[in-house]
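A look at the structure
The chain contents come next:
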Amino acid sequence: MSTKILAFESSCDETAVALLIRDAQGAIQITHRLNSQTALHAPYGGVVPELASRDHIRHIRTLTEEVLAESGTPLEDLSAIAYTAGPGLAGALMVASAFAQALGFAYQKPLIAVHHLEGHLLSALLSEPSPPFPYVALLISGGHTQIYAVEGAGQYRLWGESLDDAAGEAFDKSAKLMGLPYPGGQALEDLARQAQNLPPPSVLRELPRPMLYSKDAMMSFSGLKTAVWHWVREVPRGQESAHYPFIAHQFQEAIAAVLCQKALGVCAQSAIRRLAICGGVAKNGYLRQVLQSACAQQKIDLFFTPMEYCTDNAAMIALAGLYHLEQARPAGAFSIDPHPAMSTLSI
Ligand code: KG4
Ligand code: ZN
């Protein structure tokens, strides 16, 4: 018997739909579609919640029809319907939640409310090869920076997190200070790469590596962003293109050093020799390199979530839904919880 989960994600600025089919042998096949709202929000320098909700409404039905058509799956065949219940923007969450509930009611399918962060933590399992449990997950997104021991599906032990800005937020805000468009992560990485082919400017600073030597897994990135602001202010007018690539490079170096040290610190303390990285910032090529060499040195197996599943997507929600269904976890259906403090998962 195969299991078929249709999943929706609309917590922020991506409308995403996925269909996950697990066949009788346990092989997983995923069909997914996504509409990114980046261009819609770019002129405002950040996500405008009302525009986000309206755009989710505009796309969710078409994306669903495309996914069902591509996979050749009629709604009657579904085993369950999963959706992101939170955290996220209230109006945006309501779109996937209402859509899922309407389909569930009409076709009499069980509903599974999924925590967005659980989706990210399990997205590492979509890598090839995938990490066996337990693994340490470095979850680095636009809204969260946390390190968990993932002991099994539904068993998440939080070891540390950022006390202030998330890593992605620090990328986005630093990028904005250098005039890059929102969201700035990828643009900042591209800018940093230019530093390799430029002569270094006369004044080259080293940016702070906040809390690098605190003995726990706590982090802080708002001071790093402020240090970028000070450096940007000192760049003489007209010389931005000679200086900014170096600022971007130093920023990346500082943030990667902290994330790497903290993640490997949790691997050491928890005695779990497997590390997975997930969330939008896990796309960063420089960070991937730094982690790769540190993990090779310390003989830790490193797993990268596939690029397409690092940023928000519905495949990870479908996968979390599959585990909920298998474990018959309390559904928590017919609910959304948009509270921003709903930000950690625990066993
Ligand atoms: O996981 P995600 O889609 O959203 C949240 O759940 O928050 O992550 C989005 C974040 C943004 O801050 C974006 O700038 C960052 O991921 N990001 C990157 C890169 N690509 C996306 N940060 C650094 N380097 C990248 N290449
Ligand atoms: Zn996310």
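Structural notes, computed from the coordinates.

Quick notes on the rules
- Residues numbered from 1 in each chain as written.
- Chains lettered and ligands numbered in written order.
- Predicted model: local features only at pLDDT ≥ 70, side-chain atom pairs only at ≥ 80, totals over all residues.
- Heavy atoms only, no water.
- Near = heavy atom within 4 Å.
- Polar contact = N/O pair within 3.5 Å; in protein donor to acceptor, adjacent residues only side chain to side chain.
- Areas by Shrake-Rupley, 256 points an atom, 1.4 Å probe, with all protein chains shown as cover.
- Helix = DSSP H or I, 4+ residues; strand = E, 2+ residues; numbered from the N terminus.
- Donors = N, O, S within 2.8 Å, 3.2 Å for Na, K, Ca; no water.
- Buried < 20%, exposed > 50% of the residue type's maximum accessible area, 1.4 Å probe, protein only.
- Core = buried A, V, L, I, M, F, W, Y, C linked by side-chain atoms within 4.5 Å.
- Expected span 1.5 Å × (residues − 1).
- Contact = heavy atoms within 4.5 Å.
- Phe/Tyr/Trp six-rings, centres within 6.5 Å; stacked < 30°, edge-to-face > 60°.
- Pairing = 2+ DSSP bridges.
- Axes fitted to C-alpha atoms, helices over the stretch in contact; angles between N-to-C directions.
- Parallel < 35°, antiparallel > 145°, perpendicular 65-115°, else oblique.
- Left-handed = near helix turned anticlockwise from the far one by under 90°.
- Nonpolar A, V, L, I, M, F, W, Y, C, P; charged D, E, K, R; others polar.

1. Some remarks on the site of ligand 1
Taken together, 20 residues form the shell around ligand 1, and within it Gly 142, Asp 172, Glu 189, Asn 284 and Asp 312 come nearest. With respect to ligand 1, the backbone of Gly 185 contributes an N or O atom lying 3.0 Å from an oxygen atom. Interatomic distance of 3.0 Å between a backbone N/O atom of Asp 312 and an oxygen atom of ligand 1. For ligand 1, whose free accessible area comes to 560 Å², the fraction covered by protein is 89%. Residue assignment for the shell around ligand 1 shows that the elements contributing at least two residues are helix H4 (116-123), helix H5 (167-177) and helix H6 (185-193).

2. Here we look at the coordination of the zinc ion (ligand 2)
For the zinc ion (ligand 2), every protein donor is listed as His 116 (NE2), His 120 (NE2) and Asp 312 (OD), and the spread of their distances is 2.0 to 2.1 Å. Ordering the donors of the zinc ion (ligand 2) by residue number gives the pattern H-x3-H-x191-D. Placement of His 120 in helix H4 and of Asp 312 in the loop between strand E10 (301-304) and helix H10 (315-327) is noted, with a sequence separation of 192 residues between them. A single burial state applies to His 120 and to Asp 312, both of which are buried.

3. Focus on the nonpolar core
One finds Leu 138, Phe 221, Phe 251, Ile 255, Leu 259 and Leu 275 to be the most contacted residues of the largest nonpolar core, which totals 52 residues. Elements with a minimum of two residues in this core: strand E6 (135-140), strand E7 (145-152), H5, H6, helix H7 (222-234), helix H8 (240-270), strand E9 (274-278) and helix H9 (285-298). With 14 residues, H8 is the single largest residue contributor to this core. Of all hydrophobic cores here, the second largest spans 35 residues; its members include Leu 121, Ala 276, Cys 278 and Leu 319.

4. Quick look at H10
Between its terminal C-alpha atoms H10 stretches 19 Å, which fits the 18 Å expected from 13 residues at 1.5 Å a residue. The buried fraction of H10 is high, at 10 of 13 residues. Tucked inside the fold, the buried residues of H10 contact strand E1 (3-9), strand E2 (14-22), strand E3 (28-36), strand E4 (80-86), strand E5 (111-115) and H4. Downstream of H10 by one or two residues, Ala 328 has phi in the positive range, about 50°.

5. Focus on unusual backbone geometry
Along the chain, Gly 86 connects to Pro 87 via a cis peptide bond; the corresponding omega equals -5°. Tracing the backbone through its elements, the reader meets Pro 87 in the loop between E4 and helix H3 (90-107). For the bond running from Tyr 182 to Pro 183, omega is -10°, close enough to zero to count as cis. Counting through the fold element by element, Pro 183 comes out in the loop between H5 and H6. The phi dihedral of Gln 108 is positive, around 55°, even though this residue is not glycine. In this structure, Gln 108 sits in the loop between H3 and E5.

6. Remarks on the packing of aromatic side chains
How two aromatic rings sit relative to each other is set out by the distance from centre to centre and by the angle between their planes. Using the criterion set out here, one finds 4 aromatic pairs in the structure. With a centroid separation of 5.8 Å and 10° between ring planes, the pair formed by Phe 133 and Tyr 135 is classed as stacked. Assessed through its relative accessible area of 31%, Phe 133 is described here as partly exposed. Classification of Tyr 135 by relative accessible area gives buried; the value is 0%. Measuring from centroid to centroid gives 6.4 Å for Phe 133 and Tyr 323, while their planes differ by 65°, and the two rings are edge-to-face. Within this pair, whereas Phe 133 is found in the loop between H4 and E6, its partner Tyr 323 is found in helix H10, the two being separated by 190 residues in sequence.

7. As for the sheet that holds E2
If you walk across this open sheet you meet the 5 strands as E3-E2-E1-E4-E5, and the pairing is mixed. Two strands lie at the open edges of the sheet, namely E3 and E5, each paired on one side alone. Neighbour-to-neighbour, the strand axes of the sheet open up by a mean angle of 20°, direction not taken into account. Two elements, E4 and E5, share 5 bridges in a ladder whose sense is parallel. Bridge assignment links Ala 82 to a residue of E5, and that residue is Ile 112. Sheet strands in contact with H4 are E1, E4 and E5, and its direction is about 80° off that of E5.

8. Topic: the packing of H6 against H8
Working note: a packed helix pair is described by the angle between its axes plus the distance between those axes. Two elements in contact, H6 and H8, have axes whose closest approach is 7 Å; the angle formed by their N-to-C orientations is 115°. By the angle class used here, H6 and H8 are roughly perpendicular. Judged by the sense of rotation from one axis to the other, the crossing of H6 with H8 is left-handed. On H8, the residues touching Leu 188, Glu 189, Leu 191 and Ala 192 of H6 are Tyr 244, Pro 245, Ala 248, His 249, Phe 251 and Gln 252. Considered class by class, the residues forming the contact of H6 with H8 number 7 nonpolar, 2 polar and 1 charged.

Such coordinate-based values are descriptive only and should not be taken to indicate function.
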